[in-house]
Every structure is written in C-alpha cells, then in structure tokens.
Amino acid sequence: MKQSNLFTKTRKEAPKDEESTNAKLLIRAGYINKEMAGVYSYLPLGLRVLEKISDIIREEMDAIGGSEIHMTTLQEKEIWEKTNRWDDEVVDNWFKTNLKSGGELGLAFTHEEPLTHIMKNYIQSYRDLPVFPYQIQVKFRNELRAKSGIMRGREFLMKDMYSFTKSAEETDAFHLEAQKAYMNIFDRVGIGERTFLTVSNGASFSKYSHEFQTISDAGEDVIHLSRERNIAVNADDYGPEILKDFDLEGIEFEEVKSVEVGDIYKLGTKYSDALGLSYTDEDGTTHPVDMGSYGIGIGRLMGTVVEVLSDEKGIVWPESIAPFQVHLLSLGEDEAAEKVYATLTQKGIEVLFDDRDISAGAKFADSELIGIPYRVVVSANTEKEEKIEVKKRTEEDERLISVEELISQL
Ligand code: ATP
Ligand code: MG
C-alpha cells in the first residue's frame, strides 16, 4: 500500500484524556480513533492487525474442531430470563435498549444463552456431539471504568468458543486441547513467554476456572506466579486450598501485575438445564448437554502486545501480526523505490511504501512509531551501491543488502 493512499496521519500528541500506553501509541500512529472512553474505531492499519490476530485464532480454533458462526448482538429478554441473567442486579454491565413496537432488548455481553438456544435445533442425539462453535464478534459491556485503552472496551471484539459435549469428562478432555490451542495463539502473537495459565476460583458450577494472564504493568490483575512450574494463581484466590488442589504447596511465588488475555470455563449443565438442551444416548436415555466456554479479547490482545513490546520510539509489532512486513521509505528516489516496491509486492510481501513528499526525518520518526518489523530505505546513497538499506525495528543497526537478500530473509 502506498502511504499517500493511507488517509491516517501520525500525531505528536494523544488525546488529553487518554491514560493508557496502548491507546496513546495506537492513536498517535493512526491505528485507532477514540470515539469516547472505552469506544474505539479501527482504522486501516488497526484493522489489518485485528484481522491478522483473528486469522491466527481461527486457525487454532479450526485445528481443535471449531466451526465458525456469527451471532446477533440484539438479544431477546426472555432467553436471558431463563438463566436469571437478564436482571441488572445479577449482571451489572448490560447495555439495554427498547423496541419501537414495545419491549426491551439487550446488547450481548456474551453468548451462552442464545447459542444454547440455537443448538436445541441441532443437538438431539449422542451422534450430534461433541461440537465446538465459535465466533469473532462484537460484545457490549457497560464497564464502570474504561481507562485501559483497547484492553478494556465498552464495545470490543471477542473470540468466544463454546463446547457442547456428552459428559463432564468429555469437556475435561476438550479443555486440555483448548489450553494448548490458547498457548499456541499467545506464542504466535508474540507474548507466549510472558503468558501463564492461571487458576482461579470458578463460579458456582465449577470449582476452578482457568485464565491466561500476560505479565504487564499495564494489567488490572495481580497474580502469584511460579515460573518454575509454569503456572499462576489469581491473587484473590491465592489460598491454602487452591495450592493443595494444584499441588503447589511449598512452591515459591512471585507477585506480578498482569492482563487477562483469555479464559476457559467449564460450565457443566447450567445453561443446558435452564434452556432445555439435552440429547439421548445409545440406550435412549435423555441427558443434559455438558458445556464449556472459551474467550479471548482480540482488542485486548492487540493492546497487550503494544504494551509489552513497544519502546520509547513507538510500537514494535511481531512479524506475525504486523500490518505490513516492510516499511519502504523513499528518500528522494521515487523511481528506484517504486521498482523495489513492485519487486517485493510481486513476491507477496506486504509493503507500506512511504511515497509522501515529506522530510527524511519525518519518515524515519513515523516508521519507528508505526512499528513495522523491517524498514527499507532507498536513497541516493543506496542507489550508488545498488543496494537497499534494511533495519529491523527491534535492532539498532542498518545493513546494506540486495533486494534478493531481503526477499530470501523474509
Ligand atoms: P475482566 O475480568 O478483565 O473484566 P472478564 O473475565 O469479565 O474480564 P470474560 O467474560 O471472561 O471477561 O471475557 C473473555 C475475554 O474477553 C477476557 O478474557 C478478555 O480477554 C476479554 N475481555 C473481557 N472484557 C473485555 C473488555 N471490556 N474489553 C476488551 N476485552 C475484554
Ligand atoms: Mg474472565
């Protein structure tokens, strides 16, 4: 893409009311636009990152048997009343609205109820199980505080998968598969090394739940972490019983701030009982379907990557989720740069080509702020050498190499 076609501009300052590093950098670099607290639009660069993350998540969900769907945001009150989750006294972050023709609607903050309701059309017998629908869809939550940028939105993109199985044992087995898939996702987006499976007290229907917490000072959570055992315990839940149950007694723990990037829950038959989702087994006996839910905040994940990998000059994207692989800067050598652009794009390499008529200094500063993994400069100097100048965003030094060498490296 030519930068002259990119309508966004970088900014020296973030909005005054923005406190978080992720939103400040993403706004300044033109990835997102702040509409109001906790509500952000994704602009061309931001959308590319969201889609890269979503595609990685899709691959990992499909690999464990997931099938993608897309449910509605508008929610019928009656379904949520069946599980006692319509009442604002019970769920404190609903956004609700009214129909012109009369009656209340909700904007989904999660989708257990409507999906259980849908699945009644498709699950009747043991032959229909197990199944693992998932979606990447917008959630609405009336969060009291929204000061963490895209890490805590009032409107945000979530991947939510749900498991429908014959028994708690089958759910347990899938739970382990999901844990592995989740770690693959966090590895692939570049935060695997600092992301830990965390146990916390579950809700009424299961004793414990699992979260994936990424160590970051920008986090709103605190965990007790054992690097040696590669596991963490949620701070509030750090009690003798949980340590005993997970065989963690006598282990040394470090207390760190963290971001909950994902979580996996065993739901048991809470929703299937309330909404009447059951199946008949080989003997013709009827059983409630066993369920689990598996969430990842996609905006939160993107914000977390920015928080933990950025430096004083700007964002640093891992190659896997960068909006482009190469940021090509032409320093007064547009014709030569055009040729490099054509060669790289023909090879399928994603290039943002800074063809704007602005100073070299401004191009360099923008490039650091935007954070594309490889910066390639074409100038009178590089032309003389018949090379290009390549610098990785994560490194200090630039190298003069040929276009072919860069292609083989990528
Ligand atoms: P938190 O405790 O941070 O409020 P939660 O436990 O209520 O999150 P879940 O209902 O478990 O959130 O949602 C699944 C995932 O969605 C979370 O693990 C997180 O990654 C993401 N998420 C939750 N709330 C938000 C939000 N307001 N903005 C962005 N992502 C969110
Ligand atoms: Mg959670």
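Residue positions are given per chain, counting from 1 as you read along its sequence in written order. Chain letters start at A and ligand numbers start at 1, both assigned in the order the entries are written. Per-residue local features are limited, in this predicted model, to residues with pLDDT of at least 70; the limit for side-chain atom pairs, both in listing and counting, is 80 or more; totals at the level of whole chains, interfaces and linings are taken over all residues. As a rule here, side-chain values cover all heavy atoms of the structure and leave hydrogens and water aside.

Engineer: Which residues make up the pairing of strand β9 (residues 195–201), and what values do they have?
Structural biologist: Of all the seven residues making up β9, six are buried; the element is thus mostly covered by neighbouring parts of the structure. With seven bridges connecting them, β9 and strand β10 (residues 208–215) associate as antiparallel partners. When the sheet's bridge partners are listed, Val199 is paired in β10 with His210. Here, any two strands with at least 2 DSSP bridges between them count as paired. Secondary structure elements follow DSSP: runs of H or I of four or more residues count as helices, runs of E of two or more count as strands, with numbering from the N terminus. Judged from the two bridges that link them, β9 and strand β12 (residues 231–234) form a sheet pairing that is parallel. Three labels apply to residues, based on accessible area from a 1.4 Å probe with only protein chains included: buried if under 20% of the type maximum, exposed if over 50%, partly exposed otherwise in between.

Engineer: Give me unusual backbone geometry: which residues, what numbers.
Structural biologist: Put simply, Leu129 and Pro130 share a cis peptide bond, and its omega is 0°. Here Pro130 lies in the loop between α4 (112–119) and β7 (132–140). Phi at Asn84 takes a positive value of approximately 60°, unusual for a residue other than glycine. When you line up the elements, Asn84 lands in the loop between α3 (77–82) and β5 (95–98). Phi angles above zero are rare outside glycine, and Asp247 is one such case at about 55°. Mapped onto the elements of the fold, Asp247 is located in the loop between α6 (240–245) and β13 (254–268).

Engineer: Please give an account of the site of ligand 1 that cites residues and values.
Structural biologist: With respect to spatial proximity, 13 residues lie near ligand 1, and among them Arg141, Glu143, Gly153, Glu260 and Asp263 are the closest. Arg152 is positioned with one of its side-chain polar atoms (N or O) 2.9 Å from an oxygen atom of ligand 1. Identification of polar contacts relies on pairs of N or O atoms within 3.5 Å, with a donor-acceptor requirement for protein atoms, meaning one able to donate a hydrogen and the other able to accept it, and with residues adjacent in sequence counted only if both atoms are side-chain atoms. Within the side chain of Arg300, one N or O atom sits 2.9 Å away from an oxygen atom of ligand 1. The element contributing the most residues to the shell around ligand 1 is β13, with four residues. Residues are counted as near a molecule or strand when any one of their heavy atoms sits within 4 Å of it.

Engineer: Can you lay out the sheet that holds strand β4 (residues 74–76) for me, pointing to particular residues and giving the numbers?
Structural biologist: Spatially, three strands are ordered β4-β6-β5 in an open sheet, and the strand pairing comes out antiparallel. Of all the strands in the sheet, the pair left with one neighbour each is β4 and β5. Along the sheet, successive strands turn relative to each other by an average axial angle of 40°, direction set aside. Two elements, β4 and strand β6 (residues 104–107), share three bridges in a ladder whose sense is antiparallel. Paired with Gln75 across the two strands is Gly106, which belongs to β6. Whenever a helix is involved, its axis is fitted only over the stretch in contact; in every case the axis is a line through C-alpha atoms, and angles between N-to-C directions fall within 0 to 180 degrees.

Engineer: So what's going on with the pattern of salt bridges? Residues and values would help.
Structural biologist: One speaks of a salt bridge when a side-chain nitrogen belonging to Lys or Arg is within 4 Å of a carboxyl oxygen belonging to Asp or Glu. Evaluated as defined, the whole model comprises 27 salt bridges. Its salt-bridge partner being Lys207, residue Asp245 comes within 2.9 Å of it at the nearest N-O pair. Of this pair, Asp245 sits in helix α6 while Lys207 sits in the loop between β9 and β10; the two residues are 38 residues apart in sequence, bridging distant segments of the chain. Among the residues examined, Lys207 registers a relative accessible area of 48% and is labelled partly exposed. Each of Asp17, Glu18 and Lys34 takes part in salt bridges that share partners, so that together they form one network.

Engineer: Report on the packing of helix α1 (residues 21–28) against helix α8 (residues 298–309), specifying residues and quantitative values.
Structural biologist: The contact between α1 and α8 brings their axes to 8 Å, and the two run at 95°. For the element pair α1 / α8, the angle class is roughly perpendicular. Contacts from Thr21, Asn22, Leu25 and Leu26 in α1 reach Met302, Gly303, Val306 and Glu307 in α8. Polar here means any residue other than Ala, Val, Leu, Ile, Met, Phe, Trp, Tyr, Cys and Pro, which are nonpolar, and Asp, Glu, Lys and Arg, which are charged; Gly is therefore polar. Considered class by class, the residues forming the contact of α1 with α8 number four nonpolar, three polar and one charged. Reported orientations rely on four angle classes, namely roughly parallel under 35 degrees, roughly antiparallel over 145, roughly perpendicular from 65 to 115, and oblique for the rest. By the convention used here, residues are in contact when the closest approach between their heavy atoms is within 4.5 Å.

Engineer: Before we move on, can you summarise the nonpolar core with the specific residues and values?
Structural biologist: To form a nonpolar core, buried Ala, Val, Leu, Ile, Met, Phe, Trp, Tyr and Cys residues must be joined to one another through side-chain atoms within 4.5 Å. The biggest cluster of nonpolar side chains holds 53 residues, and the ones touching the most others in it are Leu26, Tyr31, Met61, Phe186, Leu301, Met302 and Trp317. Those elements that place two or more of their residues in this core are α1, α2 (44–63), β7, α5 (168–188), β13, β16 (290–297), α8 and α10 (360–370). No other element matches the seven residues that α2 contributes to this core. Excluding its chain neighbours within four sequence positions, the residues that come into contact with Leu26 are Tyr31, Ile32, Ile150, Met302, Val306, Ile315 and Trp317. Core analysis: the second largest hydrophobic core is formed by 19 residues, Val340, Tyr341, Phe353 and Leu406 among them.

Engineer: Tell me about the coordination of the magnesium ion (ligand 2), and name the residues and values.
Structural biologist: The donor set comprises N, O and S atoms within 2.8 Å of the metal, extended to 3.2 Å for Na, K and Ca; water molecules are omitted, so apparent gaps in a site may simply reflect that omission. Looking at the metal site, the magnesium ion (ligand 2) is ligated by Glu260 (OE) and Asp263 (OD), spaced 2.1 to 2.3 Å from it. As far as the burial class goes, Glu260 and Asp263 line up, both buried.

Engineer: Would you mind going over the pairing of strand β18 (residues 351–354) in detail, with residue names and values included?
Structural biologist: Residues Val351 and Phe353 point to one face of β18 and Leu352 and Asp354 to the other, with burial holding for every one of them. Bridge analysis of strand β17 (residues 326–330) against β18 gives four bridges, and the strand direction is parallel. Counterpart to Leu329 in the pairing with β18 is Asp354. Remark: the β17/helix α9 (residues 334–346)/β18 crossover connection has right-handed handedness. Assignment of crossover handedness uses the view with strands pointing away from the viewer, where a clockwise path from the first strand over the helix to the second indicates a right-handed crossover.

Engineer: Got a sec to walk through the sheet that holds β18? Specific residues and values, please.
Structural biologist: Strand order in the open sheet formed by five strands is β18-β17-β19-β20-β21, with mixed pairing between adjacent strands. Edge positions in the sheet fall to β18 and β21 (398–401), since each of these pairs with one other strand and no more. In this sheet, adjacent strand axes meet at a mean angle of 25° when their direction is disregarded. With four bridges connecting them, strand β19 (residues 374–378) and strand β20 (residues 388–392) associate as antiparallel partners. Note on β20: the bridge partner recorded for Val377 is Glu389. Most of the contacts of α9 go to β18, to which it runs at about 175°, and overall it touches β17, β18, β19 and β20. Packing of α10 onto the sheet brings it into contact with β17, β18, β19 and β20, and relative to β17 it is tilted by some 175°.

Fair warning: the whole summary comes from geometry, so function is off the table for now.
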